[in-house]
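Summary of structural features
This is what each chain is made of:
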Amino acid sequence: AGQAAVSCKSSPAVSGMFSRSALVAAATAAALSSVEGFLTAPLPAGSAARLSPVSRLRSSRPSTGALASRATASAISTSNDAYGDLSNIVISGLNGIALKDKEFPNKKQVFDAMPADSWKRDDKISLMYAGISLALTLGTGALAWMFLPLKMAFLPLWALYWYAAGTIATGCWVIAHECGHGAFSDNKLLQDTVGYLFHTALLVPYFSWQRSHAVHHSKTNHIFEGETHVPYTLETGKGTLGKLSTMQKIFGKKLGEAIYGANRVISHLVFGWPAYLVAGVTGGPVRGLTNHFIPVKPFSTGDKNTELFPGVWKKKVWLSDIGIVGMLGVLYAWAANFGFLHMAAIYLGPYVVTNCWLVLYTWLQHTDTDVPHFSGENWNFIKGAFMSIDRPYGPIFDFLHHRIGSTHVVHHIDCTIPHYRAKAATEAIAKAFPEHYLYDPTPLPEALWRVATKCVAVEERGKKWVFVQGEGTPQLPQTA
């Protein structure tokens, strides 16, 4: 992991003021109307049966509403040796398929199952998608700059702008992420230039994160050597488990868990990204205290084999810092000339929303109640990659975010595959390896809440580490 390759392997008249405000309101409402179903969709009760990935892909990923009507299969006893001890494990929309002991294909077998052109990178296509994300992001900001007054009466419209602009800007983040993986272009200079500029504009240290994210890919779902969203064990998580227990004693079991879950959602989505960059929070335990801006002591305290930024990467961290300092200078000049509130309203509000999206994707694509972690000889690269989870983000988010959440399994199988080839590769993987490919049709709000409340700490059981924050022994559908 210490030497993981970068490739895999961001004063007018009052009547005029009201007309402009109406224009922004209409534009924002139009941009957000397509996601209304996501925000208002009812959460289905109980554990639902997992749809066949092949059938799902053949029907071009049915809508969230259709997925909510998942059939409930008849239950059977869970004393099946193939699954191990299921006591206190919550079964998600995956219906325990990831817990089932099975042989995994090797990398060649998986690669051979995907279309031959999966690795073909096209500069024109990549630049087109980068241009679309950039134009949408700048255009949304320009509308707010020109038409939204900085007055408390317009706070609801500003909140809508922050959500819309931050959601759109996440597309720029994903483009830079693709550059960091070597999936954007075969021209390294073009690739790093686009990635550096896009990530720097979003206050992301491009090369620093490129390195730490490559380590994340190289050790996916390794309980000790993984990087980002590595869960607590029952031993290391005594503190957070104690908080949950205390809240339940004070407020009652259900309310206490709800308060604890709400706190986790806010702390992860709002503060999780800066906490990871500055202190390596949820990073790999073997790497100690890390910092994406300072690659020397007292940070990056792992030994020479586990140090997050070894050798030449230290220089690349400093190079990333130059861009961040420059961007901070731009923001300072903006605030000095137009006022801090103006800069914060146009830039910082969407920036926070973009960070929330980043953490949401990473958290949900690698965590669920019945998705295990591994260690030692029980872990290997392909097994870890197949522990990634695809989820139903819908056509709008898939377009804006370049399918980062609905083709994440393939992205972890080989992160140099460009996003515009990932859908076809995903369909091939789902068809070739239906017992390994993970797709959870659970609506996102329900999945997020389940992960926040039930994925706290893992316990070692046999050859895997599993979350045990449920109660009793669950039942699996016959189709599992």
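I will try to describe carefully the structure that is included in this document. A quick note: this is a predicted structure, and the numbers were derived from the prediction, not measured. (Residues numbered from 1 in each chain as written. Predicted model: local features only at pLDDT ≥ 70, side-chain atom pairs only at ≥ 80, totals over all residues. Heavy atoms only, no water.)

Section: the packing of aromatic side chains
What counts here: When the centres of two rings from Phe, Tyr and Trp lie within 6.5 Å, Trp using its six-membered ring, the rings pair. Their planes under 30 degrees apart give stacked, over 60 give edge-to-face, and anything left gives tilted. A run of DSSP states H or I qualifies as a helix once it reaches four residues; a run of E qualifies as a strand once it reaches two. Both are numbered from the N-terminal end. Three exposure classes are used, based on accessible area relative to the maximum for each residue type with a 1.4 Å probe and protein chains only: buried under 20%, partly exposed in between, and exposed over 50%. Either the NZ atom of lysine or the CZ atom of arginine qualifies as a charge over a ring when it sits within 6 Å of the ring centre and within 35 degrees of the ring normal.
Here the structure, examined in full by the defined rule, presents 19 aromatic pairs. Centre to centre, the rings of F104 and F386 are 6.4 Å apart; their planes meet at 45°, and the pair counts as tilted. Of this pair, F104 sits in the loop between β1 (75-76) and α5 (107-113) while F386 sits in the loop between α14 (381-385) and α15 (394-400), placing them 282 residues apart in sequence. In terms of burial, F104 and F386 fall into one category: buried. Put simply, the rings of W145, W334, F338, Y347 and Y351 pair up and form one aromatic cluster. Between K383 and the ring centre of F374, over which it is positioned, the NZ or CZ distance is 4.5 Å.

Regarding the pattern of salt bridges
Our working rule: Salt bridges, as used here, are contacts in which a Lys or Arg side-chain nitrogen is within 4 Å of a carboxyl oxygen on Asp or Glu.
Within this structure, the stated rule accounts for 18 salt bridges. Between R287 and E227 there is a salt bridge, with its nearest N and O atoms 2.9 Å apart. Linking R287 in the loop between α11 (253-279) and α12 (313-338) with E227 in the loop between α9 (206-218) and β2 (232-233), this pair joins segments that are 60 residues apart in sequence. This pair shows no difference in class: R287 is buried, exactly as E227 is. The partner of E427 in a salt bridge is K423, and the shortest N-O contact between them spans 2.7 Å.

Overview of the pairing of strand β4 (residues 464-467)
Our working definition: DSSP-based pairing: two strands are paired if at least 2 bridges between them are found.
Alternating positions in β4 separate into two faces, K464 and V466 on one and W465 and F467 on the other, with burial throughout. The sheet contact formed by strand β3 (residues 457-461) and β4 spans 4 bridges and is antiparallel. Across the sheet, the residue bridging to R461 is K464, located in β4. As consecutive antiparallel partners, β3 and β4 are separated by 2 residues, and within that stretch G462 has a phi angle of approximately 65°, a positive value.

Considerations on the layout of surface pockets
The following threshold applies: The rule is simple: put a 1 Å grid over the protein atoms alone, call a set of points where a 1.4 Å probe fits but cannot get out a cavity, call an open set with protein on both sides within 12 Å along at least five of seven lines a pocket, and count a residue as lining if it has an atom within 4 Å of a point. Grid points are joined across faces, edges and corners, and a volume is the space filled by probe spheres set on the points.
Its volume calculated, the largest pocket comes out at about 1,000 Å³. Lining the largest pocket are 48 residues, and of these H229, V230, H268, V281 and T282 lie nearest its centre. The set of elements that each furnish at least two residues to the lining of the largest pocket consists of α7 (155-181), α9, β2, α10 (238-251), α11, α13 (340-366) and α16 (408-413). The element best represented in the lining of the largest pocket is α11, accounting for 10 residues.

With respect to the packing of helix α6 (residues 123-147) against helix α8 (residues 188-201)
What counts, and what does not: With axes taken as lines fitted to C-alpha atoms, and helix axes fitted only over the stretch in contact, angles between N-to-C directions fall between 0 and 180 degrees. In this scheme, roughly parallel covers angles under 35 degrees and roughly antiparallel covers those over 145, while 65 to 115 is roughly perpendicular and the rest are oblique. Contacts were defined at the residue level, with two residues in contact if any of their heavy atoms lie within 4.5 Å. Gly counts as polar in this scheme, as do all residues outside two lists: the nonpolar Ala, Val, Leu, Ile, Met, Phe, Trp, Tyr, Cys and Pro, and the charged Asp, Glu, Lys and Arg.
Contact pair α6 / α8: the axes reach a minimum separation of 12 Å and the direction vectors enclose 10°. With respect to α8, the element α6 is oriented roughly parallel. Two secondary-structure elements touch here, α6 through D123, L127, A130 and L134 and α8 through L190, V194 and F198. Considered class by class, the residues forming the contact of α6 with α8 number 6 nonpolar, no polar and 1 charged.

Re the nonpolar core
Counted only if it meets this: Nine residue types can take part in a nonpolar core, namely buried Ala, Val, Leu, Ile, Met, Phe, Trp, Tyr and Cys, and a core is a set of them joined through side-chain atoms within 4.5 Å.
Of all hydrophobic cores here, the largest spans 42 residues; its most connected members are L269 and W273. Among the secondary structure elements, those contributing two or more residues to this core are α7, α8, α9, α11, α13, α18 (444-454) and β4. Ranked by residue count, the leading element in this core is α13, at 9 residues. Residues L94, F381, I413 and L438 belong to the second largest nonpolar core, which totals 26 residues.

A few points about the side chain of R461
Worth spelling out the cut-off: Here a polar contact means two N or O atoms within 3.5 Å. Within protein one must be a hydrogen donor candidate and the other an acceptor candidate, and residues neighboring in sequence count only if both atoms are side-chain atoms.
Looking at the element boundaries, R461 is found in strand β3. Among the residues examined, R461 registers a relative accessible area of 14% and is labelled buried. Of the polar contacts made by the side chain of R461, one reaches the side chain of E459; its length is 2.8 Å. Ignoring sequence-local partners within four residues, the contact set of R461 consists of D85, L86, S87, N88, I89, V466 and V468.

Let's talk about the sheet that holds β2
The strand order across the open sheet formed by 3 strands is β2-β3-β4, and the pairing between neighbours is mixed. Two strands in the sheet have a free side with no partner beyond their single neighbour: β2 and β4. Relative to β3, β2 runs parallel, the two being bridged by 2 bridges. Bridged to T233 within β3 is V458.

Let's talk about helix α17 (residues 419-432)
Owing to its 3.6 residues per turn, the α-helix brings residues three or four apart onto one side. This is how the line gets drawn: Under the convention used throughout, the expected extent of a helix is 1.5 Å for every residue step, that is, one less than its residue count.
The end-to-end C-alpha separation of α17 is 20 Å, in line with the 20 Å expected for 14 residues at 1.5 Å each. Within the span of α17, buried status applies to H419, Y420, R421, A422, A425, T426, A428, I429 and A430.

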